[in-house]
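Spelled out from the first residue to the last, the chains are:
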Amino acid sequence: MTLAPGTRLGSYEILAAIGSGGMGEVYRARDTKLGREIAIKVVLQSLAADRDSISRLQREAQALAALNHPHIATLHGLEEDAGRHFLVMELVSGETLADRIGRGPVALPETLAVCRQIAEALEAAHERGIVHRDLKPANVKITPDEQVKVLDFGLAKALAPDSVSGTADAMNSPTLTARATQMGMVLGTAGYMAPEQAKGKPIDRRADVWAFGVVLYEMLTGRRAFDGEDVTEILASVIKDAPKFDSLPPDTPPSIRRLLRRCLEKDRTHRLDSMAGARLEIDDALRPAPDEVGTSQTAAKPQRPRAVMAVIGVVGVIAGAVLAGVPLWLTTRSAPPALSKFSITSPASEPLRLETNHPDLVITPDGSRVVYWNTVKGEGRFVVRPVDRFEGASLTNLGLGPRGPFLSPSGGWIGFYYGPPGGVGAGLAKVPIGGGAPIKIADVDSNLRGATWGPDEWIIFATIRQATGLSRVRASGGTPEVLTKPSSADNEVDHRWPSLLPDGRHVLFEIARPGGVGSSDIGLLSRDTGKWTVLIKGGTAPRYVKTGHIVYGSAGALRAIGFDLASLSVQGDPVQVVDGVVIKESGAVDFSVSDDGTLVYVLGGTTRLSANLAWIDRAGKVSPIAAEARNYRNASLPPNRRQAAVTIEEQGGFAIWLYDFARESLTRLTPPNMPVGSMLPVWSPDGRDIAFWSPGAPGGEGGGVFRMAASGIGAVERLTQSSVSQAPTDWTPDGTRLLLTAEVGGGTDVFLVKVGATPNATPLLTGPSFEQGASVSPDGKWLVYTTDASGRSDVFIRPFPNVNDDRIPISTADGFAPFWSRTGREVFYVDIADNLLAVDITPSAGRLAVGKPRRVFGPVELAVPRVFRITEDGQRFLIIQRPTAGDTAQEIRVVVNWLEELKTLVKKK
């Protein structure tokens with residue numbers, strides 16, 4: 001190894017050596033820009049010196065970087081530093097499949113689980129025209145949560161000489177190239193080459209099918225299908241010999257024996273044509289056909305999580321004792337799966353957080369893992385917790401404010417909402433459940449209110465912007481399309497919490513009405529006609545389960561009612577089936593049911609998750625404010641500090657209220673005729689007016705920024721009109737203009753609005769990235785803002801109003817949410833760990849002298865991250881504090897085979 005820990009390659013810091021291979025040396029490293037660990041493969045100098053090799057590697061890396069799949073290790077790119085060329089890749093923890101096979105043959109259930117994931121990875125790559133060319137156990141990793149990651153996709157092609165990259169000579173592998181042989185590298189992959197590859201003939205995806213068969217054979221037998229004393233004998237065996245199929249375990253299912261023979265046909269015209277076929281054969285083994293029932297059926301049946309099996313095993317022992325002496329025909333009669341109930345506990349360091357706007361947990365379709373939401377020092381993350389294990393894996397670096405997890409039909413992807421308070425710059429994204437870089441799906445206008453991912457790869461979702469109801473977007477990305485708009489004539493306030501029926505053409509959802517979640521109904525939407533009807537009176541967050549029931553939340557419990565898919569009609573009366581399930585003010589319900597009938601839920605009831613207002617001084621001392629605990633979302637202080645304007649989320653949406661510090665009272669400010677609420681208040685410099693954003697105005701005229709008198713007297717005045725989210729951030733000191741952040745394309749820009757004029761917004765700071773959070777200095781001469789143009793969030797100052805290229809850096813690492821002191825002699829901002837930092841500012845002859853950032857206090861865990869409002873004297877800050885109790889749950893209830901109980905509780909007519 002040539003690189004010591006601490007060595008820097010560009011923005012990457014080497015942490016430790018991992019290993020070496022035919023291409024070069026592999027290291028664990030830290031990405032200092034994004035604050036995450038990655039893997040770096042430093043290309044051998046002998047290859048790096050070859051310009052053609054590097055050009056070819058660059059082209060191949062660009063294609064491979066676009067290959068995103070939960071079972072493929074992500075390649076982020078090819079970079080260069082000080083003459084060293086290196087690949088930046090996802091860091092995958094766990095052992096290689098070669099390590100696992102080294103301990104002996106792999107049990108059939110585990111083999112099938114691993115090979116099915118390998119097949120999914122190869123299938124996805126082949127659909128993009130990418131062939132692995134070097135599949136072998138050493139290039140497959142199994143993570144601690146038993147997820148498969150296939151490594152080094154397509155890099156064999158990148159290292160082949162141009163003259164043979166399309167035809168593949170006999171050395172078409174990173175460890176078996178003509179160049180590699182000359183350099184004396186270890187030859188180790190000949191045993192996985194397809195016969196045509198070994199003969200130097202052109203190859204296609206069927207070479208991967210062959211290698212897949214070799215890997216499958218090796219897992220089941222613990223021995224290589226083709227072996228020899230040297231590479232010549234190994235290649236000869238590949239070309240001439242047949243695998244010893246009699247070495248397979250006796251319980252190998254017929255479908256798997258058939259799969260192996262079809263994968264290992266030496267004539268590729270007779271070989272299995274695609275990995276989709278291999279995946280289907282494995283599915284057959286997991287669910288044997290009636291004529292294949294025998295010893296293979298029990299052997300190939302998917303394993304229950306071990307913790308679940310332990311519970312069921314106890315039930316079985318008790319049942320055996322009770323049935324002692326009962327006639328054999330009675331004890332061998334087919335019986336329904338055993339019902340078992342238990343709890344899994346989230347660790348105190350990573351408890352399940354309860355967030356009012358979204359459901360906080362979901363179970364994978366196969367019932368093996370629970371995904372729940374958590375925050376640590378203000379950073380949102382998802383914890384993926386196997387049901388049969390004490391620990392889970394945290395998925396971090398998911399962007400600002402990730403929450404509201406939902407799963408793809410296969411369970412391989414977690415979809416989620418992300419965005420700052422207020423929704424500007426918000427969106428939908430997805431991340432592999434086994435970890436990796438998040439992928440943006442679409443921009444959305446505000447907070448999510450449920451999503452469902454269909455088998456047709458459309459995601460149907462809802463947001464708090466009630467005027468749009470339900471929308472849909474491709475899981476691969478795109479622009480959302482509106483599906484429904486609530487009918488005011490039918491007293492509908494919002495549509496939310498969608499859930500697809502099995503036919504994919506109909507959607508269950510909640511119809512919100514005035515009066516909160518207790519007044520809601522459950523509707524049924526036809527995607528073919530765009531029409532919807534009321535299906536169930538009273539309820540929220542509906543889900544269809546395969547027993548022919550709809551399960552939904554109502555009055556702090558779960559209820560169920562029979563449902564006929566053919567007639568799309570309910571049957572019988574609703575029955576309460578689970579007591580005490582968390583139902584939130586937004587209508588979100590913390591429960592989920594897997595395809596195999598496992599129920600998970602959080603014990604609670606109708607829950608009001610509230611936050612508190614508090615002061616925090618420069619020493620970090622927190623002093624509670626005697627304001628009623630409510631779901632505060634934003635706050636703003638006027639110059640006199642007698643009142644605070646706060647956004648409060650209510651059952652009917654959002655409203656701006658005034659809190660009077662002297663009287664210790666709350667008074668609603670924004671009128672009830674704002675149809676979808678108001679948020680993000682900003683006081684004018686004289687304390688007379690408040691600007692705010694609303695996604696809709698009276699009369700359905702659309703969203704924008706508005707202004708109203710702080711006294712509440714007079715009409716609401718429109719300042720802008722926009723179909724996208726806009727966040728007012730500051731007024732100019734003379735009170736004539738307003739700064740706001742608005743969505744533009746895939747980023748955000750800063751605009752200037754002249755108050756009192758025809759609705760307008762003039763661009764001030766523009767660019768392809770996120771320019772936002774602008775604030776003007778008290779003397780009106782300088783503008784502070786953030787931009788992520790460098791790949792991280794940086795705080796800068798520019799002259800105002802004549803913005804030019806003379807920007808002054810303020811932050812030295814990631815910085816967010818900047819604001820000025822009342823004197824203009826300090827700029828404050830928040831770092832990525834939620835510390836509050838200050839920078840001294842000294843004006844001098846039209847220029848600024850800028851000090852070094854210093855920590856004021858922190859980190860501070862807030863209910864609304866990065867919201868600090870400074871007092872006139874600059875000594876205290878207003879914050880929205882997370883309550884000390886009631887917003888976490890360490891116990892997740894699990895009911896295995898719950899559908900059997902459901903069928904007995906709720907009879908269908």
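Cut-off values and rules
Residues numbered from 1 in each chain as written. Predicted model: local features only at pLDDT ≥ 70, side-chain atom pairs only at ≥ 80, totals over all residues. Heavy atoms only, no water. Helix = DSSP H or I, 4+ residues; strand = E, 2+ residues; numbered from the N terminus. Contact = heavy atoms within 4.5 Å. Pairing = 2+ DSSP bridges. Axes fitted to C-alpha atoms, helices over the stretch in contact; angles between N-to-C directions. Parallel < 35°, antiparallel > 145°, perpendicular 65-115°, else oblique. Left-handed = near helix turned anticlockwise from the far one by under 90°. Nonpolar A, V, L, I, M, F, W, Y, C, P; charged D, E, K, R; others polar. Phe/Tyr/Trp six-rings, centres within 6.5 Å; stacked < 30°, edge-to-face > 60°. Lys NZ or Arg CZ within 6 Å of the ring centre and 35° of its normal. Buried < 20%, exposed > 50% of the residue type's maximum accessible area, 1.4 Å probe, protein only.

Enquirer: Quick rundown of the side chain of Ser636? Include the residues and the values.
Expert: Checked against the element boundaries, Ser636 lands in strand β38 (residues 632-636). Setting aside residues up to four positions removed in sequence, Ser636 forms contacts with Ala644, Ala645, Pro681, Val682, Trp683 and Arg869.

Enquirer: Summarise the sheet that holds strand β47 (residues 737-744); cite the residues concerned and give the values.
Expert: Read across the sheet, 4 strands follow the order β46-β47-β48-β49 without closing on themselves; strand pairing throughout is antiparallel. Of all the strands in the sheet, the pair left with one neighbour each is β46 (726-731) and β49 (762-765). Looking at each pair of strands side by side, their axes are set apart by 35 degrees on average, direction ignored. In the sheet, β47 pairs with strand β48 (residues 747-754) via 8 bridges, with the strands oriented antiparallel. Bridge pairing in β48 places Arg737 opposite Lys754.

Enquirer: Give a detailed account of the pairing of strand β27 (residues 532-536), specifying residues and quantitative values.
Expert: Sheet analysis places strand β26 (residues 521-526) next to β27, joined by 4 bridges and oriented antiparallel. Looking at β27, one finds that Gly523 is bridged to Val534.

Enquirer: Any chance you could break down the packing of helix α10 (residues 254-263) against helix α11 (residues 275-286) for me, citing the residues and the numbers?
Expert: One can describe the packing of α10 onto α11 by two numbers: an axis separation of 8 Å at closest approach and a directional angle of 160 degrees. Considering their axes alone, α10 and α11 lie roughly antiparallel with respect to each other. The crossing of α10 and α11 is left-handed. For the pair α10 and α11, contact is made by Ser255, Ile256, Arg258, Leu259 and Arg262 and by Ala278, Glu281, Ile282, Asp284 and Ala285, respectively. Classifying every residue of the contact of α10 with α11 gives 5 nonpolar, 1 polar and 4 charged.

Enquirer: Tell me about the packing of aromatic side chains, residues and numbers included.
Expert: Between two aromatic rings, the relevant description is the distance of the centres plus the angle of the planes. This structure, assessed with the given rule, holds 15 aromatic pairs. One aromatic cluster is present, built from ring pairs that chain together Phe819, Phe828, Phe857, Phe868 and Phe877. One Lys or Arg, Arg472, reaches over the ring of Trp458 and ends 3.7 Å from the middle of that ring. In this arrangement the basic side chain of Arg807 is found over the ring face of Phe796, its NZ or CZ atom lying 4.0 Å from the centre.

Enquirer: Give me the lowdown on the environment of Pro728, citing residues and values where you can.
Expert: Relative to the helices and strands, Pro728 is located in strand β46. Taking the relative accessible area as the measure of exposure, Pro728 reaches 6% and is therefore buried. Apart from the residues lying within four places of it in its own chain, the contact partners of Pro728 are Leu680, Val682, Ala691, Phe692, Trp693, Val705, Leu738, Leu739 and Leu740.

All quantities given are derived from atomic positions and should not be read as evidence of function.
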